[in-house]
Every structure is written in C-alpha cells, then in structure tokens.
Amino acid sequence: MDVTVGRFLRFIVILFVMVVISWLMYKLADLLTVVIVSFLISYILDPVASYMEARGFSRTAATAIIFTVFFLLIAINVWLVLPGMFGQLFVLQKQLSSGGTDSLILAAQDFIKSTASMVDIESIDIKGKLESFLTYASDQVMAILSNIVSIISAVVIIPFVVFFFLRDGRNMKKLFISYIPNRYFEMMLNIMHKIDGQLGGYLRGQFTEAAVVGILGAIALLILKVKYSIIIGIFAGLANLIPYVGPVAGAVPAILVTLVNGGSTSTIIYIIIAFAIVQFIDNMIVQPIVLSKSVDLHPLIIVFAVLIGGKFFGLLGLLLAVPAAGIIKVTSSEIYYGLKKFRHL
Amino acid sequence: MEEDTLWGNIFHKKEKQSDDIYTLLAKVPIFQDLNKRELKAIERILHQRTYNSNEPIFNEGDTGVGMFIIIEGRVNIVLGKDYKLLATLSNGDFFGEMALLSEVPRTASALASIESQMLGFFQSDLFGLLETNPRLGNKIMFRLAQMIADRLRFSNLENQQLKIKLARLEEKSKEKKVS
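Residues numbered from 1 in each chain as written. Chains lettered and ligands numbered in written order. Predicted model: local features only at pLDDT ≥ 70, side-chain atom pairs only at ≥ 80, totals over all residues.

Looking only at helices and strands, chain A features twelve helices and zero strands. What you see in chain A, going N to C, is helices and strands ordered as α-α-α-α-α-α-α-α-α-α-α-α. Each of the 345 residues in chain A was classed as buried or not, and the buried ones make up 24%. (Helix = DSSP H or I, 4+ residues; strand = E, 2+ residues; numbered from the N terminus. Buried ≥ 20, exposed ≤ 12 C-beta atoms within 10 Å, placed from the backbone.)

Time to look at the overall build of chain B. Helix and strand counts for chain B come out as four helices and eight strands. Across chain B, helices and strands are ordered from the amino to the carboxyl terminus as α-α-β-β-β-β-β-β-β-β-α-α. The 179 residues of chain B split such that 26% are buried. Residue pairs in contact within chain B that sit at least 24 positions apart in sequence constitute 74% of those at least 6 positions apart. (Contact = placed C-beta atoms within 7 Å.)

Below, the discussion takes up the confidence of the model for chain B. Of the residues in chain B, 90% reach a pLDDT of 70 or more, and the chain-wide mean stands at 85. Two numbers describe this predicted complex: its pTM, 0.68, and its ipTM, 0.75. (pLDDT = per-residue confidence, 0-100.)

Counting residues at the interface gives 15 residues for chain B and 14 residues for chain A. Mapped onto the side of chain B that touches chain A, the elements with two or more residues apiece are strand S1 (47-51) and helix H3 (123-132) of chain B.

This part covers the nonpolar core. Counting 38 residues, the largest nonpolar core has Phe31(B), Ile57(B), Phe68(B), Ile69(B) and Met118(B) as the members making the most contacts within it. When residues in this core are grouped by element, the largest group, five residues, is from strand S3 (residues 66-72) of chain B. When neighbours within four sequence positions are excluded, Met118(B) is seen to be in contact with Arg49(B), Tyr51(B), Ile57(B), Phe68(B), Ile69(B), Ile70(B) and Ile71(B). Listed in part, the 34 residues of the second largest apolar core include Ala210(A), Ile242(A), Ala251(A) and Ala274(A). (Core = buried A, V, L, I, M, F, W, Y, C linked by C-beta atoms within 7 Å.)

The next subject is the sheet that holds strand S8 (residues 116-122) of chain B. Residues and elements named next belong to chain B. Pairing is antiparallel in the open sheet, where four strands are placed in the order S1-S8-S3-S6. Two strands close off the open sheet at either side, each with one partner strand: S1 and strand S6 (94-95). As judged from the five bridges shared by S1 and S8, these two strands associate in the antiparallel manner. Each residue of the ladder has a partner; that of Thr50, found in S8, is Gln117. (Pairing = 2+ DSSP bridges.)

Quick look at the sheet that holds strand S5 (residues 84-90) of chain B now. Residues and elements named next belong to chain B. The antiparallel open sheet is built from four strands, whose spatial order is S2-S7-S4-S5. For this open sheet the edge positions go to strand S2 (56-58) and S5, each flanked by a neighbour on one side alone. The mean angle between the axes of side-by-side strands here comes to 30°, regardless of whether they run parallel or antiparallel. Sheet analysis places strand S4 (residues 74-79) next to S5, joined by six bridges and oriented antiparallel. (Axes fitted to C-alpha atoms, helices over the stretch in contact; angles between N-to-C directions.)

The subject of this paragraph is helix H9 (residues 229-239) of chain A. Taking burial as the measure, the eleven residues of H9(A) include ten buried ones, the bulk of the element. The set of residues buried in H9(A) consists of Ser229(A), Ile230(A), Ile231(A), Ile232(A), Gly233(A), Phe235(A), Ala236(A), Gly237(A), Leu238(A) and Ala239(A).

Before going further, it helps to examine the pairing of S4(B). All names here are of chain B. Counting the residues in the hairpin turn of S4 and S5 gives four residues, including Gly80, whose phi is positive at 75°. The sheet contact formed by S4 and strand S7 (residues 109-112) spans four bridges and is antiparallel. Note that in S7 the partner of Val75 across the bridge is Ala112.

For any two helices packed against each other, one specifies the crossing angle of their axes together with the interaxial distance. Residues and elements named next belong to chain A. Contact pair H9 / helix H10 (residues 245-260): the axes reach a minimum separation of 7 Å and the direction vectors enclose 160°. Here H9 is positioned roughly antiparallel relative to H10, judged by the angle of their axes. In the crossing of H9 with H10, the sense of the turn from one axis to the other is right-handed. Between H9, through Ile232, Phe235, Ala236 and Ala239, and H10, the contact on the second element is made entirely by Gly246, Ala249, Gly250, Pro253, Ala254 and Val257. Grouping the constituent residues of the contact of H9 with H10 by class yields eight nonpolar, two polar and no charged. (Parallel < 35°, antiparallel > 145°, perpendicular 65-115°, else oblique. Left-handed = near helix turned anticlockwise from the far one by under 90°. Nonpolar A, V, L, I, M, F, W, Y, C, P; charged D, E, K, R; others polar.)

Turning our eyes to something else, we now look at the packing of helix H8 (residues 182-223) of chain A against H9(A). Residues and elements named next belong to chain A. In contact at an axis separation of 7 Å, H8 and H9 are set at 150° when each is read in the N-to-C sense. It follows that H8 is roughly antiparallel to H9 by the angle criterion. Considering the relative orientation of H8 and H9, their crossing is right-handed. Here Ala210, Ala211, Val213, Gly214, Ile215, Gly217, Ala218, Leu221 and Leu222 of H8 lie close against H9, whose contacting residues are Ser229, Ile230, Ile232, Gly233, Ile234, Ala236, Gly237 and Leu238. Class assignment for the residues of the contact of H8 with H9 results in twelve nonpolar, five polar and no charged.

Bringing the environment of Val35(A) into the picture now. Residue and element names in this part refer to chain A. Mapped onto the fold, Val35 is located in helix H2 (residues 29-54). For Val35, a count of 15 C-beta atoms within 10 Å puts it in the partly exposed group. Residues Val35 and Phe165, 130 residues apart in the sequence, show an inter-C-alpha distance of 9.6 Å.

Confidence in the prediction for chain A averages 77 pLDDT; 73% of positions are at 70 or higher. When mean pLDDT is taken per element in chain A, H8(A) scores highest with 84 and helix H5 (residues 121-124) of chain A scores lowest with 58.

Take H3(B) next. Along H3(B), the residues classified as buried are Asp125(B), Leu126(B), Leu129(B) and Thr132(B). All buried residues of H3(B) fall inside an arc of 135° around its axis, so they share one side. (Arc of directions from axis to C-beta.)

Residue and element names in this part refer to chain B. The phi torsion at Asn54 lies on the positive side, around 70°, for a residue other than glycine. Along the chain, Asn54 turns up in the loop between S1 and S2. A residue is classified by how many C-beta atoms lie within 10 Å of it, and Asn54, with 11 of them, is exposed. A positive phi angle is found at Tyr83, which is not glycine, with a value near 50°. Tracing the chain through its elements places Tyr83 in the loop between S4 and S5.

Right, here's the structure in full:
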C-alpha cells in the first residue's frame, strides 16, 4: 500500500516538475532561443579554441581571438551583404506587384506548356505562388528585424553568452557532471563523450557544407550575372541542410528569377551546370572532409522532420529540421546504447 | 585586520588542499614526469568524487572508461558474488587504469570501505588532452605504455616459469607411469 502511495506521489511530483518546466520554457522562449543559438555557435567554434590552446594560447586568449574574428566577419557581412540583400528582396517584390513582369511570367508559362503539355499550367499559378512566397519571406525578415528584443539579443546577448560558453564551457560541463550521482557518473561521462564525438562532427560538417554551397552558389550566380545572387546563394546554402530536395531547391529560384527577367535558355543551362558543379564539389570534396553525412537518417524521417519543422517553426524550422532530427537521433541512440552497455536496461 | 586573516585562511586552506593533490598526483606513475604546471592542467580535468562507506565505485562486468586515484579513504577490490577480497588500497593508490586504453568490462569490483574521496581520470579526458595539449597527453600515454610493457614483461616471465614447472611435472608423471 505504502509503495503504491509512494509511487503515486512520485508520479505527481514528476508531473508537476514537468508542467513547471514546460511553462517556464514557454514563458522564456526568447531567452531559451538565445541560449540554444549561443550554445550551437560556441559548440561549432570549440575545436578552433582547442586547436589554438594546443598551439600555446590560453583558453581566454584563444576565445578572445576567435570571438573577435568571428564577429568581425559577421559585422562585415551585415555591413556589406544585408543592405544588398534587402534591396534585392524589396525590388523583387515590387517588380512582381507592379505587374511589369506579367508578360514574362506568361512567357514562362507558355514555355512550360509547350515543353511539358501534361502539366496543368493554370493550376500551378507561378506568379501567385512566387508573390505569396516573397511576401512571406520579406514579412519573416521584417518581423525578425522589427522585433527590438531580437536585435538586442542578436547583437549584444548572443556574443556575450557565446564568449562565456566558449571560454568556460568545459568548467560548466565539469560542474554538471559533479551533480550526477556516483552510480551513473561513469556511464553518463561515456555517453556524453560519445554524443560529443558524433554530434560535433555532424553539426560542424552540416554548417560548413551549407556555408561552402552558399558561397560557391552566390559566386557562380554573380559570374552568370543572375539577379538576386546573394539571396539565392544564402537560400541554396540553407536549403542544402535538407537532403534530396535541398540541392535542387537551390537551383529553382535562380532559374525562376532568370525566367521572370527574360533570361535566355542558355543562361538557364549555365545555372543548371553551375549548381551541378557546386553539388559535385560538395559531394566529392567537402562532404568527405567534413563527414557531415555521418548520421544516417531514413528518408521517411527526413520528410516528417521537414514537415513538422515547417508546420511549427516556419521557414527556420523547415531549414533546421534535419540537423535537429540528427541531434535527436544521435542523443537518443547513444543514451540507449550507453544504458544497455552499463546494464541499466 | 580580521578580514585579512579570514581571507588568508580561506586561500591558505585552498592552496594547501591543491598542494596536497599535486603531491598526490606526482606519485601516480602515469603523472610522474609532469611538472607543476602540467599537474595543474591535469588537476583541472580530473573529477573529484566522494563515495560513502560500502558504496560501489564500479562493479565487476561494468564497462570501464577510466581510472580512480584515492585522495583519502580506503577501497577494497573484490571478486565474484561472494566479494572475495583481492586487495585493499588507500591514500595515493590508484586502480582501473587499463580502462583508459580500452573500453572493456571491469575484471573486479571496487568498494569504498570507508567514506572516501577520489579523483577520476577518464578516457574522454585523456582524448581531450591529446587534442588540446598533445605534449602533455603524449607524456601520459608514454608512461601508460611503459607501465603496461612492464606488466607484460612480468606476465611473460611468470608464464615462462609456469611453463617450465608444467614441463617438469609432465616429465615426472611420465617417469612414474614408466616405472
């Protein structure tokens, strides 16, 4: 009887704690995002700090140098790329709404009709889709920008938190470990090490790959003189985080923009070739080096992850769904195998 | 004046405790070649833990991922379900160092026989050290390799002697059969 009451009480306490944690997470969502983003940035930068430490720098000096270089790069990007990017976005939106591109869209529709007659072109409604996407994209960007809290957190709090995560991360980890009961301590240490090994490689690989594809894509489009090359490059890089669809999704906006602006068929062929080359470089050179495909995710999981991400967190959720699924897969499988190995399962 | 004494006491106490730990670490064979700065770096990555009397530190068959050094206390190394005592270790002794090299099941259990303070040094920390401070990591690896080479040599000698003894016994039993 006592045992049953005890179990029931424990269940109630756990339930209460979970409700309180969920409520806090909901209320502190903004703060939580800052912490998660800062953690991810410092986690990705951690090996650089370790490498510098191995070369004789103190952890604080290494952190300060990385911090300065990293945020200088971001500042330069914000200074140079962002105005151009917003300019391009607004011009594109204005151009579409002014009706000046109607004839070109019709031309593109005619082109599709003549080459692929089985497609019901009226039901596709290229212009409507493009307009609603652009309105959505620029609304999202404006929503982020107009939110003063986001600006402050992005400019001030995130760098501040990243600095301390990067410098004191190891001590924080040690402190966390010191609270683990003796019985589970060795097992937890082993599990954390395994997760760190797999996840570190995976996340760093994913983001390096996205950066390489984004930069190469933007350069290729700049050379081909395709409009909005920077936005499309950034989009291609981020889309690359989604397997199967990503590489194609990167080329589609470039082709659409060329069609809308009355670009020639040869330009479209060049765009396709350029993106094929970028993908070739990514597959043959970047991926083997960064080992970003070290976490195998079943295609079905990828589809559901992308759908769930898009449904709950919008555009950002869509793009970050696959890395998030990778994190969940690695963490849960390592915990499971760890518990099994240490005979707690 | 009083404040000075208070702060002085706090720092003095902490300093003394750290000095004790460095002295203790310097006696552990795998840390033997290290200077004070390197010992400080090691001390930063070690995990300090307290075990109650009769609390297991690890159990036979558990996967081991590191070694333990006794700062203060007493540990019994026991075997089997009936806890057959193999050795009793005390301040400055260490055990479980083989697990630093390979994740194999522990061959015996370790039990704290009184409340004990331990330092844990784990495979993940050693790997981390090899990345962040390869010089220091290699010194430890070399010492570890030496220790295992010594043990292997000892085992080989023992093995040889046992083989000779076995051959003699076989000869004797043959002679008995013949006669």
